[in-house]
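# Overview (structure and organization)
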Amino acid sequence: MQRLIPTGEAARPVAFAETPQPVPAPAEVLIKVEAFAPNRGETFLLEQPRPELLPGKDIAGLVVQAAADGSGPGIGTRVVGHPAQGGWAEYAAVPTHSLAVLPDSVDSARAAALPLAGITALRLLSTAGSPAGRRVLLTGASGGVGHYVAELAVGAGAELTAVTATPARGARLSELGADVVHEVAAARGPFDVVLESTGGPDLAIALSKVRPGGTLVWFGQASRTPVCLDFFQLLGGPERVTIQHFHYAGAPYGSDLAALVRLVEQGRLHPEIDRIADWGKTAETLVDLRERRIRGKAVLLTGGTR
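Parameters at a glance
Residues numbered from 1 in each chain as written. Predicted model: local features only at pLDDT ≥ 70, side-chain atom pairs only at ≥ 80, totals over all residues. Heavy atoms only, no water. Core = buried A, V, L, I, M, F, W, Y, C linked by side-chain atoms within 4.5 Å. Buried < 20%, exposed > 50% of the residue type's maximum accessible area, 1.4 Å probe, protein only. Helix = DSSP H or I, 4+ residues; strand = E, 2+ residues; numbered from the N terminus. Contact = heavy atoms within 4.5 Å. Polar contact = N/O pair within 3.5 Å; in protein donor to acceptor, adjacent residues only side chain to side chain. Expected span 1.5 Å × (residues − 1). Pairing = 2+ DSSP bridges. Right-handed = clockwise from strand over helix to strand, strands pointing away. Phe/Tyr/Trp six-rings, centres within 6.5 Å; stacked < 30°, edge-to-face > 60°. Lys NZ or Arg CZ within 6 Å of the ring centre and 35° of its normal.

V149, L173, L195 and L269 are the most contacted members of the largest nonpolar core, which totals 49 residues. Of all the secondary-structure elements, those providing two or more residues to this core are α2 (108-112), α3 (115-128), β8 (135-138), α4 (144-155), β9 (159-163), β11 (191-196) and α7 (254-265). Counting residues per element, this core draws most heavily on α3, at seven residues. Beyond its immediate chain neighbours, meaning those up to four positions away, L269 contacts L114, Y148, E151, L152, L260, L263 and V264. Within the second largest apolar cluster, 21 residues are counted, among which are V33, V63, A92 and A277.

Listed below in structure tokens is the structure:
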């Protein structure tokens, strides 16, 4: 079968290779992949890929082999899955605890855009606590996670300020009900909760806008610049603030995926997909994603998408 494998080249991060079809473990199904969605973090892993790396965590497709232990959906079922790796291929093995069944109303392209970004948004908001009636600041808001967080938080009653680099990257966030600014310093605090994903100098600026006793949840470092904080600067502003490190990972993912699918089916969540292309365009799409030329998500189709 065909699989995309890392090249280690910046201009062409992946290339096609002929590899054996994966053999599922007893608690895994084999999926014929119809669509997959790369994440910006995966582009960083491709810069100096470890030898065993098989990229791909967000997929949708059709079950062609049921799990040998009897768990999970049967052959012919459309699903969305979140495997640990190996999704950028014609076939992928996915644990039954990390997939959800798709209704007819949710197509594979939208489904593939859900897993990592959507699960992150759900778990991030759960960590931060109910957003209802709270002032929330979201940095690095123009990616897949940011659009999901914005729609879910505003829908739950938050007063959300979102930070994006340009007006174009913030257009959809404005439509979702966020107050969009283009520098963290321009955000009008104080905020009950800050959801911070850029790192570098922005984290310290964002921290200065937290109300006393408030919370900053640090869930990324998209700038790829380390953070430097001055203890004494906090004494003049957000004393007693809680800084909480967050990482979304931790299987099982099935219940999170099922919740995301229900929200899409009910019209309460709308994946922001900036590009849908044939998977022959994966390499250039990864470069554009890495260089922030894609807003929201990109989805690649393998040719079998319904």
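Now that the structure has been shown, we can carry on.
Okay, the side chain of T139 next. Here T139 shows up in the loop between β8 and α4. Exposure remark for T139: the relative accessible area of 1% places this residue in the buried category. At 2.9 Å, the side chain of T139 and the backbone nitrogen of S197 are in polar contact. If we ignore the near neighbours within four places in the chain, the residues touching T139 are V163, V184, L195, E196, S197, T198 and A206.

Right, let's talk about α7 for a bit. In this model, α7 (twelve residues) spans 16 Å end to end at C-alpha, consistent with the 16 Å of a helix rising 1.5 Å per residue. Among the residues making up α7, those that are buried are G254, D256, L257, A259, L260, V261, L263 and V264. Next to the buried residues of α7 lie β5 (78-81), β7 (99-101), α2, α3 and α4. Of the residues one or two after α7, G267 is the one with positive phi, at around 75°.

Attention shifts here to the pairing of β11. Burial analysis of β11 places six of its six residues in the buried class, which makes it a mostly covered element. As defined by bridge partners, β11 adjoins strand β12 (residues 210-218) across five bridges and the pair is classed as parallel. From the neighbouring strand, V193 faces β12, where its bridge partner is T215. Between the parallel pair β11 and β12, the chain is carried across by helix α6 (residues 200-207), and the sense of this crossover is right-handed.

Attention now moves to the packing of aromatic side chains. Overall, the coordinates contain four aromatic pairs when judged by the stated rule. Measuring from centroid to centroid gives 4.8 Å for F16 and W279, while their planes differ by 85°, and the two rings are edge-to-face. Taken as a pair, F16 in strand β2 (residues 14-18) and W279 in the loop between β14 (273-278) and α8 (282-290) lie far apart in primary sequence, 263 residues in all. By relative accessible area, which is 36% here, F16 ends up partly exposed. The exposure class assigned to W279 is buried, which follows from its relative accessible area of 8%. For the pair F36 and W279, a centre-to-centre distance of 6.3 Å together with 75° between the ring planes defines the contact as edge-to-face. Remark: W279 occurs in the loop between β14 and α8 and F36 occurs in strand β3 (residues 28-36); sequence separation between them is 243 residues. Taken together through their ring pairs, the aromatic side chains of F16, F36, W88 and W279 make up a single cluster. Sitting over the ring of F191, R135 keeps its end group 4.7 Å from the ring centre. Sitting over the face of the ring of F44, R224 holds its NZ or CZ atom 3.9 Å from the ring centroid.

Along the chain, A27 falls in the loop between β2 and β3. Overall, the relative accessible area of 33% leaves A27 in the partly exposed class. With 129 residues separating them in the primary sequence, A27 and A156 have C-alpha atoms 36 Å apart. Not counting residues within four places of it along the chain, the set of residues in contact with A27 comprises A67, D69, S71, V94, P95 and T96.

Looking now at the pairing of strand β4 (residues 59-65). Bridge analysis of β3 against β4 gives six bridges, and the strand direction is antiparallel. Of the residues in β4, the one forming a bridge with K32 is L62. As paired strands, β4 and β5 are joined by four bridges and run antiparallel to one another. When the bridges of β5 are listed, G61 appears paired with V79.

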